[in-house]
Amino acid sequence: MALIKRCRICRREGKPYNTPGNKECGHKESVWAISYKVNNKTIWKNIGPRKKDALNRLEELKLQIRTTGTTRAVKPILFSEMAKKWFEFQANYGTKPSSLSTYEIALNRHLNPYFGKSLLAQITPDDIEGFKNTICKKLSTQTCNHILNRLSSIFRYSKELGFLIDNPLDRVRKFKNVRYQGKTLSEDEIAGLIKNSIEPYRTLFLVAIYTGLRSGEVLGLQWQDIDFDNNLIHVRRTLWSGRKDGPGMDGKNWWCFTLPKSANSKRDVLMIAALRGALLELKKRSMPNELNLLFCTKSGQPISRGWLIQRHFQPALKAAGVTGVRFHDLRHSFATILLNKGINLPFVSKQLGHASVNVTVDIYHHILPSQIADQRDIIQSILAPFPAKNQPLELSLRSEQ
């Protein structure tokens with residue numbers, strides 16, 4: 001790697017400027033240039049008449065070698081073109097349709113309108129900060145971070161393909177996430193929801209309340225998943241609805257079955273006696289359907305989540321005088337009630353299908369202090385006799401010896 005002066009007239013190249021005995025041709029038309037090797041091939045690059053510019057470029061190359069270990073040049077490509085390549089890779093990689101749909105929204109609504117016409121290699125951390133300031137004005141911090149995660153994934157994929165040297169988002173801080181606090185329904189509110197619902201939606205809501213299943217997991221249940229002998233519900237799939245022509249769809253149906261959210265979401269959930277009785281009654285009344293679904297339309301088709309919430313869930317809550325409740329709050333209520341009653345955390349986490357106990361703690365940390373207080377009382381009652389009252393611990397141990 002060297003800094004030289006190159007003449008535009010005689011094409012003479014002087015020795016590196018810091019070498020003793022450096023001789024130049026003396027023409028005014030000479031420019032400063034740098035030379036370096038890529039894959040054992042010497043690259044010459046003219047910088048300009050100012051020595052300072054050449055020195056700065058040389059320092060940039062040295063920094064690039066220290067940080068990435070290479071001086072290889074990157075291929076120029078627009079962000080929109082790279083985003084298209086990344087999306088096609090995700091679709092071919094087997095990403096779930098539900099995830100592909102959120103990726104498509106992030107690209108079309110936010111990323112491409114802001115970065116689409118920019119050269120990928122020219123996007124800087126400062127550009128990303130400007131993007132953050134734009135989206136944070138209209139979106140929640142959680143949604144903003146999801147979009148930034150997609151942007152980071154595009155940069156990582158670009159780096160693998162040789163379109164980037166490093167990921168500019170590695171030097172950008174994400175938003176501090178403020179988690180939404182779900183609402184816990186009271187016994188009266190749950191009773192009101194059930195009372196004002198009609199079948200089969202009454203039983204559908206009971207499944208969600210008594211098991212903590214996600215809405216897609218409830219709607220995807222088939223009769224072979226109900227183990228009446230062992231009182232278990234096997235969660236093996238989830239129902240997702242979208243556009244027929246949407247990403248990952250076959251162009252025929254507006255719905256598809258996908259794997260549960262994570263590996264741990266594929267689980268067996270306990271079925272209490274009250275729910276077992278409700279499901280047995282539902283099975284007697286239900287007409288067989290081609291998909292063998294527990295809950296379906298009169299024509300035997302899956303139930304759309306949006307239609308369920310708008311036409312049955314919200315009207316039943318309104319009739320019961322309950323407001324500000326999401327369907328997901330049934331799951332939240334299930335977990336909160338169990339934790340408040342002293343059910344141990346690993347069991348609750350397993351029933352919910354969380355990836356780890358840490359996820360459960362992160363979501364329900366506000367409940368755990370009361371549970372810790374209960375455990376403290378239990379420990380106190382167990383250990384209170386040892387040592388005896390007003391007796392030092394050392395004396396108590398000696399007396400036992």
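What counts, and where the lines are drawn
- Residues numbered from 1 in each chain as written.
- Predicted model: local features only at pLDDT ≥ 70, side-chain atom pairs only at ≥ 80, totals over all residues.
- Heavy atoms only, no water.
- Helix = DSSP H or I, 4+ residues; strand = E, 2+ residues; numbered from the N terminus.
- Buried < 20%, exposed > 50% of the residue type's maximum accessible area, 1.4 Å probe, protein only.
- Contact = heavy atoms within 4.5 Å.
- Pairing = 2+ DSSP bridges.
- Phe/Tyr/Trp six-rings, centres within 6.5 Å; stacked < 30°, edge-to-face > 60°.
- Lys NZ or Arg CZ within 6 Å of the ring centre and 35° of its normal.
- Bend = angle between axes of the 7 residues up to and from the residue.
- Salt bridge = Lys/Arg side-chain N within 4 Å of Asp/Glu carboxyl O.
- pLDDT = per-residue confidence, 0-100.
- Polar contact = N/O pair within 3.5 Å; in protein donor to acceptor, adjacent residues only side chain to side chain.
- Patch = residues over 30% accessible without salt bridge, like charges linked within 9 Å, V, L, I, M, F, W, Y side chains within 5 Å.
- Areas by Shrake-Rupley, 256 points an atom, 1.4 Å probe, with all protein chains shown as cover.
- Axes fitted to C-alpha atoms, helices over the stretch in contact; angles between N-to-C directions.
- Parallel < 35°, antiparallel > 145°, perpendicular 65-115°, else oblique.
- Left-handed = near helix turned anticlockwise from the far one by under 90°.
- Nonpolar A, V, L, I, M, F, W, Y, C, P; charged D, E, K, R; others polar.

Caption draft 1: How the structure looks around the overall build of the chain. Within the chain one finds 15 helices and 8 strands. Buried residues in the chain amount to 40% of all 401 residues. In the chain, once contacts between residues fewer than 6 apart in sequence are set aside, the share between residues at least 24 apart is 60%.

Caption draft 2: Structural view of the environment of Ile147. As for its placement among the helices and strands, Ile147 is situated in helix α5 (residues 141–161). C-alpha of Ile147 to C-alpha of Thr102: the two residues are 45 residues apart in sequence and 9.2 Å apart in space. Setting aside its immediate chain neighbours within four residues, Ile147 contacts Ala106, His110, Leu111, Phe131 and Leu139.

Caption draft 3: Region of interest: the pairing of strand β5 (residues 232–235). Along β5, one buried face is formed by Leu232 and His234 and the opposite face, lined by Ile233 and Val235, is buried too. With 2 bridges joining them, strand β4 (residues 226–227) and β5 adopt antiparallel strand pairing. Its bridge partner being in β5, Ile226 is matched across the sheet by Ile233. Count of turn residues in the β4/β5 antiparallel hairpin: 4 residues, of which Asn231 carries a positive phi of about 55 degrees. Pairing geometry for β5 and strand β8 (residues 267–270), over 4 bridges, is antiparallel. Bridge pairing in β8 places Ile233 opposite Val269.

Caption draft 4: Up close: the packing of aromatic side chains. As enumerated under the stated definition, the model contains 12 aromatic pairs in all. Between the aromatic rings of Tyr114 and Phe115, the centroid separation amounts to 4.9 Å while the plane-to-plane angle is 70 degrees, which identifies the pairing as edge-to-face. Taken together, the ring pairs in this structure connect Phe79, Tyr114, Phe115 and Phe131 into an aromatic cluster. Here the basic side chain of Lys132 rests over the ring of Phe175, its NZ or CZ set 5.0 Å away from the ring centre.

Caption draft 5: Highlighting helix α3 (residues 97–115). Along α3, the largest kink reaches about 45 degrees and is centred on Leu107. In this fold, the buried residues of α3 make contact with α2 (79–93), α4 (125–135), α5, β6 (238–241) and β7 (255–258).

Caption draft 6: Fine view of the pattern of salt bridges. This structure, assessed with the given rule, holds 12 salt bridges. Here Arg243 ties to Glu104 by a salt bridge, and the two come within 3.3 Å at their closest N and O atoms. In this pair, Arg243 sits in the loop between β6 and β7 while Glu104 sits in helix α3, placing the two residues 139 residues apart along the sequence. A relative accessible area of 43% means that Arg243 is categorised as partly exposed. When salt bridges that share partners are traced, they join Glu199, Arg202, Glu281 and Arg285 into one network.

Caption draft 7: How the structure looks around the confidence of the model for the chain. Residue-level pLDDT values for the chain average 83, and 81% of them are 70 or greater. Long-range and interchain partners of residues 15–22, a stretch whose pLDDT sits below 50, account for 13 contacts in this model, where long-range means more than four residues apart. Every residue in residues 393–401 is under pLDDT 50, and counting partners more than four places away or in other chains gives 6 contacts.

Caption draft 8: Region of the structure containing the side chain of Thr360. Topologically, Thr360 is positioned in helix α13 (residues 357–364). Engagement of the side chain of Thr360 in a polar contact is seen with the side chain of Ser349, the distance being 2.9 Å. Not counting residues up to four positions away in its chain, the partners in contact with Thr360 are Leu345, Ser349, Leu352, His354 and His365.

Caption draft 9: Looking closely at a nonpolar patch on the surface. Side chains of Leu270, Ile343 and Phe347 sit close together on the surface and give an oily, nonpolar patch of about 220 Å² of accessible area. Its location among the elements puts Phe347 in helix α12 (residues 345–352).

Caption draft 10: A look at the packing of α4 against α5. Here α4 crosses α5 at 150 degrees, and the two axes come no closer than 11 Å. When the axis of α4 is compared with that of α5, the two are roughly antiparallel. Every pair of crossing elements has a handedness; the one defined by α4 and α5 is right-handed. Across the interface between the two elements, Ile128, Phe131, Lys132 and Ile135 from α4 touch Cys144, Ile147, Leu148, Leu151 and Phe155 from α5. Here the contact of α4 with α5 is composed, by residue class, of 8 nonpolar, no polar and 1 charged.

Caption draft 11: Spatial organisation of the side chain of Thr258. Among the secondary structure elements, Thr258 is positioned in strand β7. With residues near it in sequence (within four places) discarded, Thr258 still touches Lys96, Pro97, Arg237 and Thr238.

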